[in-house]
Structures are given as C-alpha cells and as structure tokens.
Amino acid sequence: MNVYLDNSATTRVRDEVINEIIDVFKKNYGNPSSLHRMGFEVEKKVKNARVIISKFLNVNENEIFFTSGGTESNNIAVQGIINKLKRRGNHIVTTKIEHPSIMNIFKYYELNGFEVTYLDTNEFGLINLEQLEKCITENTILAAIMMVNNENGTIQPIDEIRKIIKAKNRNTKIHVDGIQAFGKLKVDLKKLGIDSFSFSGHKFHAPKGVGGLYLSNNINIEPVVYGAGQESGKRAGTENVPGIVGMGKAVEILHKNFKNEIDHVSEIKQYFIDAVKSNITDIRFNSYIDENCAPHVVNVSFLGTKAEVLLHYLENYNIFISTGSACSSRDKSVSKILLAMGLKEKEIEGAIRFSFSHYNNKEEVDYVVDKLKICISEIRKIMKR
Ligand SMILES: Cc1ncc(COP(=O)(O)O)c(C=O)c1O
C-alpha cells in the first residue's frame, strides 16, 4: 500500500485537470496576446479560468491575477504594497509563524530600515489580538497575516483581525496568505474585506508553477515584475496557459464538490486522531482538534522519538508524511514555527505533520496507525539505550 499524507506540501493533480492540460498543449498552443484566431481562442480559455476562480472567491473577475505560484503571489502583494505606500509610513506588521515567502520579505524590509512588528501567538499559533490592536499606528502601511498555518493548520480569525486593524487605521492594507486555506475553507473575499489574498494551484490538485493573487480594485501596487504588461501590468510575462486552464478546471471541480470533499477529509482526519489517541501513548497534539484548525492538517508530537527518523521508518512502509513544512524541512534546525508557538525542543523534535486529501480513506489510516505503532516502539527502544 502507498499512503500519501503530505497534502500540505503538495497534492496529486486530478485526472480531469491532466486531460484538460494535455488538450491545451495539443490544441491551444497560441499566445493569448497574439491578434489572430489562435491567440483569441487561448485568451478565452484564460478568461474562463479567471471567471471560475473569481466566482469561487466571490470577487470581480478583474481582481484575479495569475502568477507562478504562492511565493510569487506573496511577493507581488507584499512588496507591491510596501513600495507603493512607503512614503506614507514605515511600519509593517506580520506574525512570527508565517511561511518563508512572507517572513523573508519582512526580514529584507527590516534590514532596509522599516520598523517591523512580528506578532506573538499562543501555543497553537493563534495570534495575540491585543498586541495587534496596540501595534497599529498611523504609520502602519501593511499587515500580512496568514489564514491557515502550513505546519499545524491553525486558522486565524481574519474577519476580526480586519476589524481591529481598520478601526485603528483604515489606510493600513491587509494581505492574507491564503495558500493553505484555498479549497479547504469557505472563503468569501467580498465579505472578508481584505485587500489581497494569495493562492497556489499545487495545493488543491492543480499543477505546480501556477497560482494567483486577488487584489482588491481599491488598492494600487507597484509592480515587482516589469515587462510587456500581461495581467494588467501586475505580473508581466507570457502566461502559463496550460497551468492556468488546469487550475481553472481544478477549481471548477472543487466548487461543485466542495462540501462532500471537505466532509470526507474532516472525517478521515478525525478517524486518524481517534486511532492515534487510542493506540499510541506519550503524544501531544500541536493542532487544535476543533473548528480552529483547517480540516486537512494535524500536527502530532510523538515524545521520545525523532521526527526525521520516524519519517524514514514510515517511508520504508510507503507512507509519506512531513516533519513540518516541506519548504523548510531540509533545513535541519528545529521548526521555527513550532518554536515561535512556544513548544519545548523535546516536543518539536518528535513533531510530525499529517495532511489529508479527499483521495485518502479509512483503510489507509488503519495501515498508517498500525505501522506508526511499530516504528514508534522501535525508535523509543533505541533512544532509551
Ligand atoms: C502558507 C504557505 N505560503 C506560501 C507557500 C508557497 O507556495 P508555492 O509553493 O506555490 O510557492 C506555501 C507552500 O508550502 C505555504 O504553505
């Protein structure tokens, strides 16, 4: 049996999406900017994907911009907003638990003279709203706060966060990294009233190397990528048409099946949590086991083990999981995110992220928990010596 439980790192592309992409490669290889019929046909396909995604997020079609993925979307929004507004103020706000594609931009601007507030969180990664309220001043031009954390699934109360920020300074722009939230939570951006929101195709069964950015019609950004003006000048460069069309197809299917797929994922995750609780001792859940956590992720510490060793033991049984975010797990130091949440080194050392998709089933969970029991008992014996 092959069990893939690393869906926060990336997901399997849906068959229908693959078929759509192959079709585009074979038939629609024109450039959407070309003036002839082949170009026009391709442009129509790109527009169709934009319409599908704008409906899913409840925004206007002209507020969606295609990019090469989550990292680029975050950079275009954060750098674009700061560079546009830097004459108005030099205070920017983020959290201590952001993905590197946000965190490293803030480090860069900090080195270049900006005043940065990195918000603290509780032990599960919920930000401190009082600290947020206190730190916003007339000098604050941007707050970037993720919707769902990539290591433990904690959901920030973005609606409340927006109210707090805008009450203190209605000119402060709000960017939300929505990459782990898109397709997992119901997101209505018109209701939410934030200024920008990023997403990435490979996290919801579309290919890698394509993503998008919602930019409200109410904000203006300085472009980060200059070129021939594609995507209304917000992200120049010939469009990744197969990727965009594939991502549109993935969202179309997701939109139709959203409730069923999310209900299934939630059920599988709960089944896994219950099985771990009743079969394995000395554990600590590093995620909320309630509605404060996204339906697809749970982070657990198996005390007295080393997560990296456990990962390779499980790999021998064709079980694929993660010790944290895939992007940082090659960095051998302990998870900066779990450390920022205040976990002890011992807890971080044995922390594993399990992330599910609608492709998973209970039979796989039974297999994983059975092998977990065997591997953990072996590792604990060795570590006690
Ligand atoms: C919360 C979060 N932000 C940003 C990214 C980066 O997205 P991409 O891999 O599309 O560049 C990831 C990917 O792991 C993520 O989980």
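Residues numbered from 1 in each chain as written. Predicted model: local features only at pLDDT ≥ 70, side-chain atom pairs only at ≥ 80, totals over all residues. Heavy atoms only, no water.

It is worth spelling out the sheet that holds strand E9 (residues 283–285) at this point. Strand order in this open sheet of 3 strands is E9-E10-E12, and the pairing throughout is antiparallel. With one partner strand each, in any of the chains shown, E9 and strand E12 (351–355) form the two edges of the open sheet. If you compare each strand with its neighbour and ignore which way they point, the axes differ by 25° on average. (Pairing = 2+ DSSP bridges. Helix = DSSP H or I, 4+ residues; strand = E, 2+ residues; numbered from the N terminus. Axes fitted to C-alpha atoms, helices over the stretch in contact; angles between N-to-C directions.)

Let us look at the site of the ligand. Around the ligand, the structure places 15 residues, and the nearest of them are Thr-71, Asp-177, Gln-180, Ser-200 and Lys-203. Contacts to the ligand include Gly-70, whose backbone N or O atom sits 2.8 Å from an oxygen atom. Within the side chain of Thr-71, one N or O atom sits 2.6 Å away from an oxygen atom of the ligand. A total of 390 Å² of accessible area belongs to the ligand in isolation, and the protein chains cover 89% of it. A per-element tally of the shell around the ligand places helix H3 (residues 70–85) first, with 3 residues. (Near = heavy atom within 4 Å. Polar contact = N/O pair within 3.5 Å; in protein donor to acceptor, adjacent residues only side chain to side chain. Areas by Shrake-Rupley, 256 points an atom, 1.4 Å probe, with all protein chains shown as cover.)

Much of the literature gives interface size as the accessible area that the parts lose upon coming together. By the assigned domains, the protein chain splits into domain 1 (3–11 + 258–384) and domain 2 (15–253). The interface of domain 1 with domain 2 comprises 33 residues on the first partner and 30 residues on the second. Buried surface at the junction of domain 1 and domain 2, summed over both partners, amounts to about 2,700 Å²; 53% is from carbon and sulfur atoms. The largest contributions to the domain 1 side of the interface with domain 2 come from Phe-258, Tyr-288 and Met-341, which together make up 24% of the buried area. Viewed at the interface, domain 2 and domain 1 are joined by 1 salt bridge. The salt bridge involving Glu-123 is made with Arg-284; its shortest N-O contact spans 2.7 Å. The tally of links between domain 1 and domain 2 comes to 17 residue pairs in polar contact (both at pLDDT 80 or more). Elements with a minimum of two residues in the side of domain 1 that touches domain 2: helix H8 (241–279), E9, strand E10 (297–302) and helix H10 (336–340). If one sorts the elements of the side of domain 1 that touches domain 2 by residue count, H10 sits on top with 3 residues. (Domains from an automatic or database assignment. Contact = heavy atoms within 4.5 Å. Buried area = accessible area lost by both parts, 1.4 Å probe. Salt bridge = Lys/Arg side-chain N within 4 Å of Asp/Glu carboxyl O.)

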